Amino acid sequence: MQKMINAPEAAVDEMVEGYLKAHPDLVAGTDNARVLKYRQAPIPGKVGIVTGGGSGHKPAFIGYIGRNMVDAVAVGEIFSSPPAQMFFDAFRAADGGKGVACLYGNYAGDNMNVRMAVEQAKEEGIEVRTVVANDDVPSAPGDQRAKRRGVAGEILMWKVGGAKAAMGASLDEVIAQAQKAIDNTRSMGIGLMPCTIPEVGHPNFMIEEGKMEVGIGHHGEPGLEVVALETAAQMARRMTEIILPDLPFNAHDEVVVLISGLGSTPLMELYILYNEVEKIFGKKQLRIYRPYVGNYFTSLEMAGVTLTVMKLDADLKACIDYEVDSMGLRQFA
Amino acid sequence: MEQFANRDGIPLIFDLIRAIQENKQYLSDIDGAIGDGDHGINMNKGFTLCREELLANPGNLTHGLKTLSKILVMKIGGSMGPLYGTFFKSMAAACDGQDAIDMAVFGRMLSSGREGIQKISDAKLGDKTLMDVLLLAEAAYQAAAQTGEPFRVCLDKMVEAARHGRDATKEMVAKLGRSSRLGERSRGVVDAGAASCCLILETMAGTIGHLLNGSLDSSQGL
C-alpha cells in the first residue's frame, strides 16, 4: 500500500484537521469533530443544506461546504456512512430556523442513519426533509430507479439546492428543486484501476491490466461488465449510449456535463474524454450549457471516470449559474 | 427455576466484545469477498469503544446493552451501526426493569431485537443478510419455549438455527446492501452480517449457559 498517511485508523480525523487548517475562510469545526460547517452557518432565515457520507471521495463531501452551497457535512469513515448522531449534529449546525434539506446519496447505511437522525431532529423541533440522489444508471434498471445509487450527480443536486436556498426559498421549494435536479440527472462510471481502503490494506476488487469495468460504483461496486480497455472515443460512445436514452435526453436539450475523475486518472485524460463527449453531443444536437471537467467526486485512488449529464430548464439554469464559493466548486457572476 | 440476575448479566456484553475482537479478521475477510472488507474493522471499533466505557462504568445487563447500542448508533455508522445499535437497544428495552432474566424474558428480548431491526430495514428471509440468521434463530427459540423446553434447550435450538441460517446465506444471492449489486456473483460466500449475527447469538447462548450454571461471577467476564 503506497499511501501518504500516519496511521490507517487516523486517516479521516487527520484529513479533517488538515482541511480545517487549510480552509479557515470557508469552513469551521463544530462540537462534533466529524461535523464541519460553513463558517457563516447557520444562516438565519435560510434553509440549511446538509449532506454527508463516507470519506474517500474528496472534494465530496466537505469540499462543497461554502457560500450558496452546503452548510454542514457529516464525515463518515472511509466508504462507510456517518452514524445517525453525526447527521443530527450536522442538522443542528445548519439549521437557521427555516428547516434543513438533507441531500444525500442512495446507500443502505446512509438511508438508515439519516432516517434515525431525522427522527431525532423531529423530537428536538428541527424540521428536516430529504432528497436521495439516484443518478447512477447502471446500478439498477430504469423500472427500479429507487434502487439506483447516487454518484457525481449529487454535486449538481447540492449546487441547485444550495442556490435555491440562497435565493430565499422555503424548505418545500428547496426540496422540490433539488429533487427536480436529480430527476433530470444521469451518470455512469468506468473503472480502470482499483483503490485501497487504508485500514484494509489491499484493494478489495481487481481490474486486470488491459480491461475496464463498465458501470463501476463509487466504492468499487461491480458494474455491468468487464471488457477490454477501449479508446476514449469508444468509452464516450459507450457511456452516452447508456446514459442518454435513460432520461431520455433529446436533440436541442440544454445540458450540464460533468466529467469527474475517480482519483488517479490524470486531468489530461478527462479532457480527452470531454473532447469526445462534446463531439457526440454536437452530432446529437445536445447543447452543452455548462461543462465541468475535473476531480469533483473521487474514490480514493481509483482510476477511471464518471460522466454526469443534467437536463436544464430555466429554473435549473438559474440555480446552476448562481454564484458559489466552495473548495470544490467556485463560480463568480 | 432457570434464570440469572440482570445485575449478574454484564459478562454477556464483555463476552460479545471479546468474540467480535477475536473474529475481526474473519468478519473482514468474508466481507471482502463480496462487500468492502470493513465489517470486522467497524464492528471491532464499536465493541472495543464499548468495552472502555463499560470498564469505567459497569452495571447490569440492561445497562450493558444500552451502552453498546448507544456507541454503535452514535459512533459507528455504516449499515451495521444502526442495525446492531437498534437490535441491542430493543433487547435492552425488553429486559429493562427485570431483575431476573428467564426463558420468557430472553424470548421477549429476541423478538424485540428482531422487531427493532425490521423498523429500519426491509430485509426478508432469503435476502442474504443478518435477518436470515435472526429470523430462524428467534423462531427456533420461541418454538422450543412454547413446547415447554428448558431455557438452555431453547438456547441450543436458537444456536443451531442461527448456524443453519448463516450457512444457508452461502448459497443465496444478495438482495440488499452493497453486495446486492453483485447479483449471481454474490453466491458462494457467507454473508458477513449473517456471520456476525450468528457469532453474537452463539456467544450470548454460551454466556447465559455459564450464568445458569452459576459458574461465572460478575467479574469473570472482564
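As shown above, the structure is provided for reference.
Residues numbered from 1 in each chain as written. Chains lettered and ligands numbered in written order. Predicted model: local features only at pLDDT ≥ 70, side-chain atom pairs only at ≥ 80, totals over all residues. Heavy atoms only, no water.

**Regarding the overall build of chain A**
Okay, so step 1: When you go through chain A residue by residue, the secondary structure sums to eight helices and 15 strands.
Okay, so step 2: Taking the principal axes of its C-alpha atoms as reference, chain A extends roughly 55 × 50 × 35 Å.
Okay, so step 3: Taken over 333 residues, chain A has a buried fraction of 61%.
Okay, so step 4: For chain A, restricting intrachain contacts to residue pairs at least 6 apart in sequence, the fraction spanning at least 24 positions comes to 73%.
Okay, so step 5: A total accessible area of about 12,400 Å² is found for chain A, and carbon and sulfur atoms account for 51% of it.
Okay, so step 6: With 32 positive and 42 negative side-chain charges, chain A shows a separation of 5 Å between the mean positions of the two kinds. (Helix = DSSP H or I, 4+ residues; strand = E, 2+ residues; numbered from the N terminus. Buried < 20%, exposed > 50% of the residue type's maximum accessible area, 1.4 Å probe, protein only. Contact = heavy atoms within 4.5 Å. Areas by Shrake-Rupley, 256 points an atom, 1.4 Å probe, with all protein chains shown as cover. Lys, Arg positive; Asp, Glu negative; His and termini not counted. Charge placed at Lys NZ, Arg CZ, Asp CG, Glu CD.)

**What about the sheet that holds strand S4 (residues 66-67) of chain A?**
All names here are of chain A.
Okay, so step 1: In spatial order, the strands read S4-S14-S15; together these three strands make up an open sheet with antiparallel pairing. Across the chains shown, the open sheet's two edge strands, defined by having one partner strand only, are S4 and strand S15 (330-331).
Okay, so step 2: The pairing of strand S14 (residues 324-326) with S15 spans two bridges and is antiparallel. Bridge assignment links Val324 to a residue of S15, and that residue is Gln331. (Pairing = 2+ DSSP bridges.)

**Details of the interface of chain A and chain B**
Okay, so step 1: Taken together, the contacts link 26 residues of chain A with 25 residues of chain B.
Okay, so step 2: Between chain A and chain B lies a buried interface of about 2,100 Å² when both sides are counted; carbon and sulfur atoms form 53% of it.
Okay, so step 3: It is A:Met112, A:Met116 and A:Pro222 in chain A that bury the most area against chain B; as a group they hold 24% of the surface buried on that side.
Okay, so step 4: At the junction of chain A with chain B, the criterion picks out two salt bridges.
Okay, so step 5: B:Lys45 is the salt-bridge partner of A:Glu77, the closest N and O atoms lying 3.3 Å from each other. (Buried area = accessible area lost by both parts, 1.4 Å probe. Salt bridge = Lys/Arg side-chain N within 4 Å of Asp/Glu carboxyl O.)

**What to know about the pattern of salt bridges**
Okay, so step 1: If you walk through the whole model with that rule in mind, you get 33 salt bridges over all chains.
Okay, so step 2: In this structure, A:Asp246 engages A:Arg148 in a salt bridge whose closest nitrogen and oxygen atoms are separated by 2.8 Å. On the criterion of sequence distance, the pair formed by A:Asp246 in the loop between helix H6 (232-243) and strand S11 (254-261) and A:Arg148 in the loop between strand S7 (128-133) and helix H4 (153-166) is long-range, its members being 98 residues apart.
Okay, so step 3: The partly exposed category is assigned to A:Asp246, whose relative accessible area is 22%.
Okay, so step 4: Under the relative-accessibility criterion, A:Arg148 is labelled buried at 1%.
Okay, so step 5: A:Glu199 serves as the salt-bridge partner of B:Lys45, at 3.3 Å between the closest nitrogen and oxygen. With B:Lys45 in helix H3 (residues 39-56) and A:Glu199 in the loop between strand S8 (185-193) and strand S9 (211-214), the pair connects residues from two separate chains.
Okay, so step 6: The class for B:Lys45 is partly exposed, based on a relative accessible area of 24%.
Okay, so step 7: Each member of the salt-bridge network shares a partner with another, and the members are A:Asp13, A:Arg34, A:Glu77, A:Glu199 and B:Lys45.

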